[in-house]
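So you can see what is in the structure, the chains are spelled out below.
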Amino acid sequence: MESARDTDLPDLLESLGYHVQKVGRYHTTKEMDSLRIKNRRTWFRYSENTGGDAITFLHMRRQAAS
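So, how was this worked out
Sequence order as written defines residue numbering, which begins from 1 separately in each chain. Local features in this predicted model are restricted to residues of pLDDT 70 or higher, and side-chain atom pairs are both shown and tallied only at a pLDDT of 80 or more, whereas totals for entire chains, interfaces and linings draw on every residue. Hydrogens and water molecules were not included; the side-chain quantities draw on all heavy atoms of the structure. Stacked, tilted and edge-to-face are the three classes applied to pairs of Phe, Tyr and Trp rings, where Trp contributes its six-membered ring and a pair requires centres within 6.5 Å; stacked means planes under 30 degrees apart, edge-to-face means over 60, and tilted covers the rest. For the purposes of this entry, the term helix denotes a DSSP run of H or I that reaches at least four residues, the term strand denotes a run of E that reaches at least two, and both are numbered from the N terminus. Working definition: with a 1.4 Å probe on protein chains only, accessible area under 20% of the residue-type maximum means buried, over 50% means exposed, and in between means partly exposed. Should a side-chain nitrogen of Lys or Arg be within 4 Å of a carboxyl oxygen of Asp or Glu, the pair is scored as a salt bridge. In this description, strands pair whenever DSSP reports at least two bridges between them. Only heavy atoms matter for contacts: two residues are in contact if any of them lie within 4.5 Å across the pair.

Colleague: If you had to explain the packing of aromatic side chains to someone new, which residues and values would you point to?
Modeller: In the structure shown here, the tally under the stated rule is 3 aromatic pairs. With a centroid separation of 6.0 Å and an interplanar angle of 75°, the aromatic rings of Tyr-18 and Phe-57 are classed as edge-to-face. Linking Tyr-18 in the loop between helix 2 (9-15) and strand 1 (20-23) with Phe-57 in helix 3 (residues 54-65), this pair joins segments that are 39 residues apart in sequence. With respect to burial, Tyr-18 and Phe-57 carry one shared label: buried. Through a chain of ring-to-ring contacts, the aromatic side chains of Tyr-18, Trp-43 and Phe-57 assemble into a single cluster.

Colleague: Just give me the short version of the pattern of salt bridges, but keep the residues and values in it.
Modeller: If the charged atoms of two oppositely charged side chains come close together, the side chains can form a pair. For the structure on display, the rule yields 4 salt bridges. The closest approach of N and O atoms between Arg-40 and Asp-8, which form a salt bridge, is 2.6 Å. Here Asp-8 lies in the loop between helix 1 (2-5) and helix 2 and Arg-40 lies in the loop between strand 3 (35-38) and strand 4 (42-45), a separation of 32 residues in the sequence. By relative accessible area, which is 32% here, Arg-40 ends up partly exposed. For Asp-8, the salt bridge identified is with Arg-41, shortest N-O distance 3.5 Å. With Asp-8 in the loop between helix 1 and helix 2 and Arg-41 in the loop between strand 3 and strand 4, this pair connects stretches of sequence that are 33 residues apart. Where salt bridges share partners, they join Asp-8, Asp-11, Arg-40 and Arg-41 into one cluster.

Colleague: Tell me about the pairing of strand 2 (residues 26-29), and please be specific about residues and values.
Modeller: Across 4 bridges, the pairing between strand 1 and strand 2 is antiparallel. In the strand pairing of strand 2, Lys-22 is matched with His-27. In this antiparallel pair of consecutive strands, strand 1 and strand 2, the connection spans 2 residues, and Gly-24 shows a positive phi of 65°.

Colleague: How would you summarise the side chain of Arg-45 if you had to cite specific residues and measurements?
Modeller: Mapping Arg-45 onto the fold places it in strand 4. Those residues in contact with Arg-45 that lie beyond four places of it in its chain are Met-32, Ser-34, Leu-35, Thr-50 and Met-60.

Spelled out as structure tokens, the structure:
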């Protein structure tokens, strides 16, 4: 579980097909421009007022696909 939380989010998102961009001190994606990835381990999506780690990102993605 701890290694999942330590997952590098920009690398994970690229492996899932997202187009990751570095903007200043954070990363974002072309597909979700309100997404901010800080310190490569945590994210926040301002349009949905939610965030977390790699596990919560994958959970959110799965819910959106349902």
